[in-house]
Amino acid sequence: MKLIDENLYMEKVRDGLTQNLISKKEAGLMVGDLIEILNYHSDRYYNSDSPEISDMDYDRLMKSLILLEEAFPEYKKKDSPTVRVGGRALDKFDQYQHERPMLSLSNVFNNEEIRDFDRRVRGGLEPANGQVNYVVETKIDGLSVGLTYEDGYLRVGATRGDGYIGENVTENIKTIASIPIKIDEKRKLVARGEVYISKSDFEAVNAYQEDHDLQTYANPRNLAAGSLRQLDPKLAAKRPLDIFIFNLENIDDLGIEKHSQSFDYMKSLGLKVNEEYKLCKDIEEVIDYIEYWTENRSSLPYEIDGMVIKVDSIAQREALGFTAKSPRWATAFKFPAERKKTKLLDIEVEVGRTGTITPTAILEPVRLAGTMVSRATLHNEDYIKERDIRIGDRVLVQKAGDIIPQVVEVSLDDRTGQEVMFDMPHECPACGQETVRLDGEAAVKCINISCPAQIRRGIIHFVSRDAMDIEGMGESIITSLLDKGVIKDIADLYYMDPDILVSLDRMGQKSVANLMASIEKSKSNDLWRLINGLGIRFVGVKGAKLLADACGSMDKIMAASEEDLIQIEEFGQIMSDSVVKFFHEDKNKLTVEKLRQAGLNMEVIEKEDQGIAKVFEGMKIVLTGTLPSMKRNDAKALIEERAGKATSSVSKSTSFVLAGEEAGSKLDKALSLGVKVIDEAKFMELVGCQSQEDVKAILEEI
């Protein structure tokens, strides 16, 4: 490696370009030297963790290269480190079809299931009980990507997507400094890795966001995924993205016989691999290693959500093969929900839009499943009493489904006698009215329909995306409108004076004009949105659509009896009773009349026949998991446009299940019942069919 003085080099480039002293030939040599030097130091920093120069010196060298490439663009090479600063912004990502499917893994959750996996592996090999070695790796909590190298250069970087079709994010992938643009391998190489952001980098990004009054991020995985999918690569380049390469997808083409051997090969090419892996001679050694990381995962500088177990022998892998969803030679152990102990500082209560008063634990902040947690749900009065939760207790906190923090247990051994019992308030904290607990219910409620907290929550619900979808009407604006007396209920939104709105904080002429246009547009919404927006107890989006489709107009809904409504399929006694009671209230009838006078649509909008074939007519379809390129609501709309019914539970009458990533119990039930399961790519194939016969024919092939 050449030794150079970075300061002198920078001066030579700057002065030479300014005074036209650098010849074309000399520029070409300097560009080549700088690329070699920068790529060497980048590898030392990101892959060997042993930098030889300071960040400042590296930046000076990079600046020199940028200046030379701008002056002599003909010398810019494909492996230049300057590609990492990001190129032009894109309008959208192109789809990329993986040459080899990037399948998901089956899951195991305890030691016995790990042993069952081992028995299946050995049973699928000849001889049935032969020697099987396993490689166990930490399961990085990030975004899975595929990297394709051809003739030594990175050609494509793509997200996993549904395993078959992902998004081409090559320009963003190139901004990740730990991914080499050039490798010393002329054969095609397809590698799979996990893009992630370390805990310390995540905290630094959030600290910056807080300092600049910007929105903070929920966890490192979300930040990594969002950063990699920025349409402007320059924005992606500013995020501290990193990667671990964990698999060679075409390992059989490269003459490597064992997965464990592939790590040394990948490292020799400059591909960054995670050193926390272990070659195990049997399944008991696998279990021991998993138990170690179950206890010690918090010590790692990055988030992991489990461990991956893989058969080491490539020949044995080929013998075992694949199922439709996953390889038979690998599985993922999912960690049990992480629990942390912290102090319960206080218990606050909040009044919801239906009057339910919900207690919330205020905690000493603690990192849990990738995020800092300072609040956790306590559900209701019974939950607190059953667990004897007191203010000042040391409590164990976990995230339900790794999403919602909740207090699950009190550490009685830590009690000092200074803890304080908690009683649910006998008066509403928002309006002062007496609270009640109805027979047969766990919830304490405020039944004052004029309660300001209920009104506020009700308006927030009314303008939400799944209701009237009034863009620009956020919680802070609603609070300001209520505090200033501009509105008192949902109907008042349609009678506001724009001149008054302009006088409010952060409400300029343009934002007011946009808001008023959004309010006006909402008047033309379909009836189900208005029904959902009214906030009728037990009636959500699905119930609102059932009600609108069955009755056709608001007048018919308001006039319907309980006996009429219970005839609606999937509606039920509880919802029928709630609708009738809601429209017997004079206040609610007056609100609907004010909305009618404001010009809101009160009837079902008949959809124009757009030539969409009713290929799903009579079919019940269940969605589960996260789809790679569309929202669940968009998928539901495609189903309903084709006369299908998107249902919430799997049964023998389910036509098929559309499953995305991290599909849970619904997928398991579908498989146990023999219900067809498809991914997004297959679903879009069905959507493109022109007859139900075509749909059934495709499903028969699965």
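For clarity, every value in this text was computed on a predicted model and none was experimentally measured.

Topic: the sheet that holds strand β9 (residues 277-280)
Read from one edge to the other, the open sheet built from five strands follows the order β2-β11-β10-β3-β9, with strand pairing classed as mixed. Whereas interior strands pair on both sides, the edge strands pair on one side only; in this sheet they are β2 (106-108) and β9. Direction aside, neighbouring strands of the sheet carry axes that sit 30° apart on average. In this structure, strand β3 (residues 134-140) lies alongside strand β10 (residues 304-311), joined through seven bridges in antiparallel fashion. By the bridge assignment for β10, Val-136 is matched with Ile-309. Helix-sheet contacts for helix α9 (residues 259-268) involve β3, β9 and β10, and the interaxial angle to β3 is about 55°.

Quick look at the sheet that holds strand β19 (residues 620-624)
An order of β20-β19-β21-β22 is seen for the four strands of this open sheet, with the pairing classed as parallel. Two strands close off the open sheet at either side, each with one partner strand: β20 (645-647) and β22 (677-678). In this structure, β19 lies alongside β20, joined through three bridges in parallel fashion. Among the inter-strand pairings, Val-622 is bridged to a residue of β20, identified as Thr-647.

Some words on the UniProt feature "binding site: NAD(+)" (unreviewed entry) in the chain
Sequence positions flagged by UniProt for "binding site: NAD(+)" (unreviewed entry) are, in local numbering, Asp-55, Met-56, Asp-57, Tyr-58, Asp-59, Ser-104, Leu-105, Glu-137, Arg-160, Glu-194, Lys-310 and Lys-334. Assignment of secondary structure puts Leu-105 in the loop between β1 (95-97) and β2. Judged by its relative accessible area of 28%, Leu-105 is partly exposed. Residues contacting Leu-105, with those up to four places away along its chain left out, are Val-308, Ser-326, Pro-327, Ala-330, Thr-331 and Ala-332. With respect to the secondary-structure elements, Glu-137 resides in strand β3. Glu-137 sits in the buried class, given a relative accessible area of 7%.

About the cut-offs
Each chain carries its own residue numbering, running from 1 in the direction its sequence is written. For a predicted model such as this one, the threshold for reporting local features is a pLDDT of at least 70, and the threshold for listing and counting side-chain atom pairs is 80 or more; totals across whole chains, interfaces and linings nevertheless cover every residue. Side-chain descriptors were evaluated using all non-hydrogen atoms of the structure, hydrogens and water having been removed beforehand. Only when DSSP finds a minimum of two bridges between them are two strands counted as paired. In this description a helix means any DSSP run of H or I spanning at least four residues, a strand means any run of E spanning at least two, and both kinds are numbered starting from the N terminus. Orientation is described by axes fitted as lines to C-alpha atoms, over the contacting stretch for helices, and by angles from 0 to 180 degrees between their N-to-C directions. Contacts were defined at the residue level, with two residues in contact if any of their heavy atoms lie within 4.5 Å. UniProt positions are given in the numbering used here, feature names are shortened, and annotations may be inferred rather than shown by experiment. Burial status follows relative accessibility: with a 1.4 Å probe on protein chains alone, a residue under 20% of its type maximum counts as buried, one over 50% as exposed, and anything between as partly exposed.

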